[in-house]
Structure formats: structure tokens, C-alpha cells
Amino acid sequence: MLASTSGVRSTPFYAQPSHFTVSRRCKFLSSPNRPRFLTPKISSKCSSLSLFFSRNGVGCNRFSVRALAEPEVSDSVAAGCSSLLQPVSVKIPFGNREILIETGHIGRQASGSVMATDGETIVYTSVCLSDVPSEPSDFFPLSVTYQERFSAAGRTSGGFFKREGKTKDNEVLICRMIDRPLRPTMLKGFYHETQLLSWVLSYDGLHCPDALAVTAAGIAVALSEVPHSAAIAGVRVGLLGDKFVVNPTTKEMEDSTLDLFLAGTDNAILMIEGYCDFLPEEKLLEAVEVGQDAVREICSAVKALVKKCGKPKMLDAIKLPPPELYQLVEKIAGDELHNVLQIKSKIPRRKAISLLEEKVINRLTDKGYISTEGTAGSVETIQDLIDEDDEDEEIVIDGEVDEGDVCIKPISRKSTPLFTEVDVKLVFKEVSSKFLRRRIVEGQLFLSSLEGGKRSDGRSPEDIRPITSSCGLLPRAHGSALFTRGETQSLAVVTLGDKQMAQKLDNLANVEEFKRFYLQYSFPPSSVGEVGRMGAPSRREIGHGTLAERALEPILPIEDEFPYTVRVESTITESNGSSSMASVCGGCLALQDAGVPLKCSIAGIAMGLVLDTHEFGGNGTPLILSDITGAEDASGDMDFKVAGNEDGITAFQMDIKVEGITLPVMKEALLQARDGRRRILAEMTKCSPPPTKSLSKYAPLIHIMKVAPEKVNAIIGSGGKKVKSIIEETGVEAIDTQDDGIVKIIAKDLSSLEKSKSIISSLTMVPTVGDIYRNCEIKSIVPYGVFVEIAPGREGLCHISELTSDWLAKAEDAFKVGDRVDVKLIEVNDKGQLRLSRRALLPVPETSPEDLSSKQLTGNQAEVVVADSGKASGEGTPKKYVSISKADGLPREQIEQTKVKSSATKLASSSKSDSAETSLLPRKKVFKRVKSGSKAVTGVSGKDGE
């Protein structure tokens, strides 16, 4: 509304009469280049503010803005303002709950604004449009911006800049979900630039804001002045077990096997997008039906709200090309256009259509079809009104008139053409689409006709374009594939890496999230033979990449089976339709070439539709097309992408360019898409050369170890010094540790990997009494013994009494630092300190039972240990007697039977006194080092007990 504190008369900005009083001084002008309201004539009672247009120095009061001496606001205007600003709040159904819709409370100067609340999640959406229409074009001038503000979750951005900046990928995807269902409902001929802004102001972590944002956007447009055909709403459908849930919470979605997003009107579906785990087509149709019922219920409530507080639509601002222009374009270009559309190659056909369009433009704007009625078809502009001749102005048609030093030369006006260039271009595009659709429908009716009528490339509706594929094109890449379908080609490259290569996601949930698989789609202008700017990925590229990524994700192995981060790059080198589905096929082959153990192969296909066939002589049955080209996508009524294997679907996306399709049409499209996928999968098996299905020699090696969680700090060390030293010493790429004891070693070669494994195993091993350690270095000597390093960083004390079988006065007498010895672990105290024994491993002379009995009778100082030969006690096995001298000189007899394990037999005994511990090994024992998990375990086994 125009208003001024200095007393300017208030004038409403509505295109249609309303409850506001409109002064006769305000006249709506239908020109597409002028504001919605202008004041053409003002009386001479102008006071302080005036806008004058002059010509030849003569003032002209044709346009002026008057400031009245006294403010004049009618009672009806004041009443209208007060009623317009009245807040309205309603509750509408939203699945199994209700959401609160508020308008007239915030954003009152916008054409339409809505605050939508679901639980404690709040989304604010506003719609505004420009006062002056833009140049006519073949698309509706709509821009959508969606932003998730971190303050909604009570946090700030984790980066250096704390203010929200670049749009995140998730926000781009939701922008597309808002835009795609809205655009088909916008009326043609409305060229006022429209902007829709949506912000998440509050997020409770339980109710997703995306479906709420789409529904709020549909309500805001319905309440605004923007002309459209019907209100839209969006819902999400999940599958919990066998039950469909509308708008499930985030916790429920964790257990859902389906993520379906659906938007539409009360009687048709406009857009669906979703991902699932090989869901059958019949189950998907059931989910769509459930979602459509929920959307219908929401739209009914929105209609009631619009009747209550909606603004009148700007229907008189719609400007369409003249109806007769369609007939003229068909008359001029019909025959040539029919021939041009039969060209099978995309580039020659595009150039021929461009030349034909230029020919039509020249004829209808410069050379012919000029109005014979003088003013018929001409458009009066503001400049024409300003430049109207005064009554006393002399007009000179031929010759010159000298008035002193001024020489006036007349300028002849060109005849106004009947049609503008923009209108001709718009009509030519519609006529071309009409001819293409007619050719497709006639081709279905007359397939046996030699003169054509088939699709542009000669196929029938169910045919797939020729497919070729090859793998291993790039020798240094970890995996690569080139997939070609007709004139669409994708070069897919796979890169394997560790967790450092994972993509970190910054989201409202304040949960650190990493993606270990992501697909990046690139669509350079060279793919369509054009010149264009290269820069950041477009919204289309982000959307297509996400669709292909989610299609491939279900066939990837779990992280425990394949601990790599996987990146797929799909570069479209040629494009003529369904390039995103080519990325799915090429990405699947490239993953196999990289050695990723996939669960199965999947393929993708794009389906098209000609909804109304009555116009072209058909029986009215919608015609569904398989594997559509770019022209069929642009001229058709649907773009339905479906990816999966022979039996189930993993991803799908449908965009409708008309007011919607029904479930029977969608069912037919899904079944036809399944047949197409099976044919494509069969062609993919003919890939030459085929995928290697093994890791590239240039791919990194990743080994996973499981250690005790309390040992993780031993690997890291103080300030990370230990793990850095291991990396430098062994030459591995990285060592990743987790709090649960998972250790990942990333290396380029096997030798460095094995070396780092050995060091980490030694650092994190849990010593067990009875373990034997060979070739260990003596690190230091103390008066009471020596310290021996049994593993890097792990030392134990070997008491002087455990060094030799004989009495030893000083350890230095027999050993020095750097000597290597074999030791056995005999004790681990409460502090984790290790006690070792060398004496327990020294050989002892054998003694017969008779000698042993005589020594016992004579009181000889000895200890008798009875050990089996590898079998369990109690089985009647013969016992062997060995005798060793005791250091304390006290005679004592001890008989010990040891239990035998299947893998090894350990003999160990300890005493409270340092000198009273004895551990003897049975004869003919073999020591084996067995690696289990992350530690080395040494076992003892006998020949008889193996």
C-alpha cells in the first residue's frame, strides 16, 4: 500500500476492486512495462510534490503525485486496513496430528505470509511480487529461498563466520521441493517476478521442517495476489513394519524402510520424491495413495482459510500472446517443422529449429503480417502517452522549416508490428512442442506407417536407446566407467579413502554427522555443445547428484565389511535426456570396477508422458514413454525417474508439468519402468572391458583392529606424540582411533601396514600370566634385577633370583644393557606391573623316579613338580618327574597337575616370596605364537596333546 506521513492519499495495490475505495485518479494500465497503478491526470491543485515530464522546454502535468493540504482517508479504506491486518489462526490436519497456521500477525507488508507450527518446529514463509512485470519468457519468474537458521536449535555455526551464508545442500534440496510443485500451478502470462522466502525459526529435533515448509509455501501463495490454479500441500510418508505413517517424526524415520515425499493438490499429484530399500512397485503405490489422501485433507482446510482472508488475484495482469499468432506460426513453419523434427541427431535438429525460429521471427515482426486497421494489435506504452502532440504544435511531413537558428527535421514513425519478438518466440516454442507431441501420438497409432509418426529418434514408446559401457578407462583412478545411452553419456570415477575423506554435515540437530558415501554430479555446458559459465554447482546439479547417490546407497556394504569412504564423481560428457539415471548406471559399474562388494547391480530410467491424446486423434489414454530424450522431457507432461534392480526400487523422483496425474497412470508408468530397468541391467552385463571387481593397486589399504578401550590412550600418547611417531616410523598414511577400541590403519603398501600393526599390538596387548616373550631387550639393570622390554613401551622386572638357575650376586656379572633374553610372565600385580622370569625357561636335567626317591629319603633340598605331557589329568597318563634345586635350601615336595587347553598348555606358579616361585615346563613342548585380534598370544602345546 502506498502511504505517506505527509498526507498522500492511500491507494491499495490490488489488481481487482475490493473493499478499498479506489480513487478515479488511479488507473490500472495493462502494459507489461508499467507499474500496477499510475495516476494519469491530476488537477492543478498540486501542492508540494509533483513529477513533471517536459518536451522542448514546455512543462507537462500529465503525471504527478499530489500531496494534499489535508490528509484524506475514507472510512472504508480505514476499515479495510484494520480488517486486513486482523491476525487469523487456524489448525489444519497434518497426518495424525494438527499444525497451527497463523497469518496477518508477522510480515503484514508481504503479499502473503504464513507462520506454520508443528510441535515446537516453526517455519515462517513470505511471498512478494514486483510492482513492474518483467519481460515475457517461457518460464514463470519464481525464485525460492529456504534457510535453516542455527538459532532455531539454540546454536551457532561451527565455522569462522557465525552468520548463515552459503546455502547448504540440504537447503537446496528443500528449495527444489518447494519450487517443483508450485510451478505447474502458476498461470501462464503472469510476468511479475515472485519471490518466496522460507525460514526455520524454531526446531525441536522431532518434527521435520521440510514438509512443513512446502505446506506453508502453498498456503502463502494461496493467500497472496499471485494467480494460480490450486493450493498445494506436501507430506512425508514412512513405512514402519507394514504400517504407513504420514509425517513421521525423526525418531520414527530411523526405523522406516521408506522415505516418500509427496506434494499435490486436492485432486492430483504434482511431485513425488523418495528413497527406499528395494520396495516393490505395488507397495510404493499404496504409500502414494496414503500421501494423496493426506494432501487432499490439507488442501480442503486451506481453501476454507483462503475464503476467509485471501487476497484477490491479479488476473488482469496476465498477458498472453494473441490467439491468431498460433495459427500464423503454424502456417509459416508447419511443414518445415514437421521435417525438422524427424532429424534424429540432437545438435543438427537444434540448429535447424533455431534457423526456422529466426525465419518465423523475421516474417512476423519486420516483413509481413502488419496490421491493416492501423491500431489493431498495437500496444500503447507510457512513452506514447507522454509524447502525444500538443494541439498547437506544427507538424511537418516533408521538407524542413527554419525557425531562426533552429532546424526541425521530421522523423517518420515506423509502422507498429502486429506481434512482438517475445510473443513470437513463446508461440513458436509451444507450436514446436505441439508438433512433437502430435508426432509421438501419431506414431503410436500408425507404427506401421513408413512416413513416420514415431518419436524423434524413430523409437516406439517402450524402446530403450542403444547402450554401451566400458570400465577401467582411467588407469590411476581407483575405479572408472563410461556409460552411454543414445546421446547421453556419463563418465563415473570412484575414489576410495579413509574417514578423513568423509563429508561432514552441519545440521540443525547438533549431531556430528559424516557421510562415508557421496556422489557428485557435474553438468558442464560442453555436454550439450554450448558455451557457459563454470562455477559452483547449480541447484539442478545438487539435486541430480543426490538422487543418484540415494539410489546407489542401498547396495553398498556396511562399514564393518568395507571400511572405506567412497566418493563417486559423475561428469556428464554428453546429454540428451535422463543424465541423472545415466549417473546411476555408470556409478554402479565404476563401484564394481573399484572393488566395492556391492549387494547387487541397479539401473535407472526416466519415463515421460503425453497426458491428453484427444487433441492429436488419440483415444484419450495417456501415452507413457520409456527412456525419454531432452526434447521429450521439455515438451512432455512428466519426468519420472526410477532406479532399482529387477525386483525393487531404491530411488524415484517425479515432476509434473500439468495439473497432475492420477494413481492408475503412475502405476502404468512404474510397471513400464520396471521392464525398462531389466533391459538396461541386461545391457550392463555386456560391459567391455568388464569391471575388475578388485581393489586397485593404487587404492589405500585399510586394516581394522579391535583393542581394549582403555588402551586407546596408549596408542595416542601424550598430545598425540605416540601415534605421530608410529606414523613417521612406519610410513602409514593415518591411524584412526575410536573410543570404543576400534583402530583403523590406512597405508599405501602392505609392509608399512604390517609394521604398524605389530607396534599397535604390542602397545595394546593385555599380558596374561604364562605368556612367553622371545628375544627381548634388557633396557636397564638395577641392584635387584633387570628391566626387560617385552614390547615397544612395555617393560617388566625380572628379579635377580629369576635370572639364572644358580645363585647370582649381581645382575651385572652375567648381563649388560642391550642383551636379549627370553622371559616368561609370572605375575601381574594390582598396579599392572609385570614380573618376568628367565629361569622358568632354562632347561633342567631329567631325573628318574628311582633317583628322585633316593634324594627324597636322604633329605636332599629339592622340589618335585609333576606335569602331564599334554593331556588332562585324571586320564591315567604317565607322569614325569623333574627336580631342580631351591634357593632357600628348604626341602619340600610339591605335586602339581596342570589343566590342558585345546590350543596351548601354560605352566605358571608364583609365591609371595621372591625366591619361592618356581615354574617348570614339561618335556617335548613346542611354543607357538598365535595372533588373535590386536594382541599376540603365545601358547604351549605338546605333541601328545595337539
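Scroll up to find the structure.
Presented here is a report on the structure given in the accompanying data block.

Thresholds applied
- Residues numbered from 1 in each chain as written.
- Predicted model: local features only at pLDDT ≥ 70, side-chain atom pairs only at ≥ 80, totals over all residues.
- Heavy atoms only, no water.
- Helix = DSSP H or I, 4+ residues; strand = E, 2+ residues; numbered from the N terminus.
- Buried < 20%, exposed > 50% of the residue type's maximum accessible area, 1.4 Å probe, protein only.
- Contact = heavy atoms within 4.5 Å.
- Areas by Shrake-Rupley, 256 points an atom, 1.4 Å probe, with all protein chains shown as cover.
- Pairing = 2+ DSSP bridges.
- Axes fitted to C-alpha atoms, helices over the stretch in contact; angles between N-to-C directions.
- 1 Å grid on protein atoms, 1.4 Å probe; cavity = no way out; pocket = protein on both sides within 12 Å on 5 of 7 lines; lining within 4 Å.
- Points joined across faces, edges and corners; volume = space filled by probe spheres on them.
- Nonpolar A, V, L, I, M, F, W, Y, C, P; charged D, E, K, R; others polar.
- Polar contact = N/O pair within 3.5 Å; in protein donor to acceptor, adjacent residues only side chain to side chain.
- Phe/Tyr/Trp six-rings, centres within 6.5 Å; stacked < 30°, edge-to-face > 60°.
- Lys NZ or Arg CZ within 6 Å of the ring centre and 35° of its normal.
- Expected span 1.5 Å × (residues − 1).
- Salt bridge = Lys/Arg side-chain N within 4 Å of Asp/Glu carboxyl O.
- Parallel < 35°, antiparallel > 145°, perpendicular 65-115°, else oblique.
- Left-handed = near helix turned anticlockwise from the far one by under 90°.

1. Considering the overall build of the chain
Line of reasoning, step 1. Along its length, the chain carries 17 helices and 35 strands.
Line of reasoning, step 2. For the chain, the proportion of its 946 residues judged to be buried stands at 47%.
Line of reasoning, step 3. Within the chain, counting contacts between residues at least 6 apart in sequence, those at least 24 apart form 69% of the total.
Line of reasoning, step 4. Total accessible area on the chain is roughly 47,000 Å²; 51% of this is exposed by carbon and sulfur atoms.

2. Observations concerning the sheet that holds strand β29 (residues 794-799)
Hydrogen bonds along the backbone pair up the strands of a sheet, which may run parallel or antiparallel.
Line of reasoning, step 1. Pairing in this closed barrel of five strands is mixed, and the strands run β27-β28-β29-β31-β30 around the ring. Across this sheet, the average inter-strand angle for adjacent strands is 55°, counted without regard to direction.
Line of reasoning, step 2. Looking at chain direction, strand β27 (residues 772-782) and strand β28 (residues 785-791) are connected through five bridges and run antiparallel. If you follow Glu777 over to β28, its bridge partner there is Glu789.

3. Points about the sheet that holds strand β24 (residues 701-706)
Line of reasoning, step 1. With respect to topology, three strands assemble into an open sheet ordered β24-β26-β25, the strand pairing being antiparallel. Each edge of the sheet is formed by a strand with only one pairing partner; in this case those strands are β24 and β25 (734-737). Across this sheet, the average inter-strand angle for adjacent strands is 15°, counted without regard to direction.
Line of reasoning, step 2. Bridge count between β24 and strand β26 (residues 742-747): six bridges; the pairing is antiparallel. Paired with Ile702 across the strands is Ile746, a residue of β26.

4. A look at empty space enclosed by the protein
Line of reasoning, step 1. Across all of its chains, the model carries five cavities of 30 Å³ or more by this definition.
Line of reasoning, step 2. The space that makes up the second largest cavity amounts to roughly 50 Å³.
Line of reasoning, step 3. Looking at the second largest cavity, the residues that line it are Phe94, Arg97, Asp118, Cys208, Asp210, Ala211, Arg236, Asn247 and Pro248.
Line of reasoning, step 4. Looking at the lining of the second largest cavity residue by residue, the classes come out as four nonpolar, one polar and four charged.

5. Things to note about unusual backbone geometry
Line of reasoning, step 1. In this structure, Pro689 follows Ser688 across a cis peptide bond, with omega equal to -5°.
Line of reasoning, step 2. Here Pro689 is to be found in the loop between α13 (663-684) and β24.
Line of reasoning, step 3. Positive phi values are uncommon outside glycine, yet Asn247 reaches one of about 50°.
Line of reasoning, step 4. Structurally, Asn247 can be placed in the loop between β8 (243-246) and α4 (250-253).
Line of reasoning, step 5. One non-glycine residue, Asn775, lies in positive phi territory at about 55°.
Line of reasoning, step 6. Mapped onto the elements of the fold, Asn775 is located in strand β27.

6. Re the side chain of Arg180
Line of reasoning, step 1. Secondary-structure assignment places Arg180 in helix α2 (residues 169-182).
Line of reasoning, step 2. Within the local environment of Arg180, its side chain forms a polar contact with the side chain of Asp655, the two groups lying 2.5 Å apart.
Line of reasoning, step 3. Residues contacting Arg180, with those up to four places away along its chain left out, are Met271, Ile272, Glu273, Gln653, Met654 and Asp655.

7. A short note on the packing of aromatic side chains
Line of reasoning, step 1. Summed over all chains, the structure comprises four aromatic pairs.
Line of reasoning, step 2. Judged by centre distance (6.1 Å) and plane angle (20°), the rings of Phe140 and Phe190 are stacked. In this pair, Phe140 sits in the loop between β4 (121-129) and β5 (142-148) while Phe190 sits in the loop between α2 and β6 (194-202), placing the two residues 50 residues apart along the sequence. We note that Phe140, like Phe190, is buried.
Line of reasoning, step 3. Centre to centre, the rings of Phe562 and Tyr564 are 4.7 Å apart; their planes meet at 40°, and the pair counts as tilted.
Line of reasoning, step 4. On the basis of relative accessible area, Phe562 is assigned to the buried category, the value being 6%.
Line of reasoning, step 5. Judged by relative accessible area, which is 4%, Tyr564 ranks as buried.
Line of reasoning, step 6. Against the face of Phe435 rests Arg438, its NZ or CZ located 5.1 Å from the ring centre.
Line of reasoning, step 7. The lysine or arginine in question, Arg550, covers the ring of Tyr275, its NZ or CZ lying 3.8 Å from the ring centre.

8. Quick notes on the environment of Asn96
Line of reasoning, step 1. Positionally, Asn96 belongs in the loop between β1 (88-93) and β2 (98-103).
Line of reasoning, step 2. With 198 residues separating them in the primary sequence, Asn96 and Ala294 have C-alpha atoms 9.4 Å apart.
Line of reasoning, step 3. A distance of 3.5 Å separates the side chain of Asn96 from the side chain of Arg97, its partner in a polar contact.

9. Digging into the pairing of strand β3 (residues 112-118)
Line of reasoning, step 1. Within β3, seven of the seven residues are buried, leaving the element largely enclosed by the surrounding structure.
Line of reasoning, step 2. The alternating pattern of β3 places Gly112, Val114, Ala116 and Asp118 and Ser113, Met115 and Thr117 on opposite faces, both of which are buried.
Line of reasoning, step 3. Bridge analysis of β2 against β3 gives three bridges, and the strand direction is antiparallel. Its bridge partner being in β3, Leu100 is matched across the sheet by Thr117.
Line of reasoning, step 4. The hairpin turn running from β3 into β4, its antiparallel successor, is two residues long, and Gly119 in that turn takes a positive phi close to 65°.

10. As for helix α16 (residues 750-764)
Line of reasoning, step 1. In a regular helix each residue adds 1.5 Å, so 15 residues correspond to 21 Å; α16 covers 21 Å between its end C-alpha atoms and thus fits that length.
Line of reasoning, step 2. Listing the buried residues of α16 in full gives Ser752, Leu753, Ser756, Ile759, Ile760, Ser761, Ser762, Leu763 and Thr764.

11. Focus: the pattern of salt bridges
Line of reasoning, step 1. Summed over all chains, the structure comprises 39 salt bridges.
Line of reasoning, step 2. Here Lys168 ties to Glu171 by a salt bridge, and the two come within 3.2 Å at their closest N and O atoms.
Line of reasoning, step 3. In this structure, the salt-bridge partner of Glu421 is Lys425, at a minimum N-O distance of 3.5 Å. You can see Glu421 and its partner Lys425 sitting in helix α9 (residues 421-445), four residues apart, about one turn around the helix.
Line of reasoning, step 4. The partly exposed category is assigned to Glu421, whose relative accessible area is 42%.
Line of reasoning, step 5. Lys425 gets classed as partly exposed once you look at its relative accessible area, which sits at 39%.
Line of reasoning, step 6. What emerges from the salt-bridge pattern is a single network uniting Asp457, Arg459, Arg465, Arg485 and Asp627.

12. Quick word on the packing of α2 against helix α10 (residues 539-552)
A packed helix pair is summarised by two numbers, namely the angle formed by the two axes and the spacing between the axes.
Line of reasoning, step 1. At a closest axis distance of 9 Å, the pairing of α2 and α10 adopts a crossing angle of 95°. Between α2 and α10, the angle is such that the two are roughly perpendicular. Residue-level inspection shows Asp169, Val172, Leu173, Cys175 and Arg176 of α2 in contact with α10, the latter providing Arg539, Arg540, Ile542, Gly543, His544 and Thr546.
Line of reasoning, step 2. Here the contact of α2 with α10 is composed, by residue class, of four nonpolar, three polar and four charged.

13. What to know about the packing of α10 against helix α11 (residues 579-593)
Line of reasoning, step 1. Two numbers describe how α10 lies on α11: the axes approach to 9 Å, and their chain directions differ by 45°. By the angle between their axes, α10 is oblique relative to α11. Both α10 and α11 take part in a crossing whose hand is right-handed. Touching Arg540, His544, Leu547, Ala548, Ala551 and Leu552 of α10 are Ser579, Ser580, Met581, Ser583, Val584, Gly587, Cys588 and Leu591, all from α11.
Line of reasoning, step 2. Residues of the contact of α10 with α11, tallied by class, amount to eight nonpolar, five polar and one charged.

14. Looking at the side chain of Asp819
Line of reasoning, step 1. Positionally, Asp819 belongs in the loop between β29 and β30 (820-828).
Line of reasoning, step 2. Engagement of the side chain of Asp819 in a polar contact is seen with the backbone nitrogen of Lys816, the distance being 3.0 Å.
Line of reasoning, step 3. When sequence neighbours within four positions are dropped, the list of residues in contact with Asp819 reads Cys776, Glu777 and Ile778.

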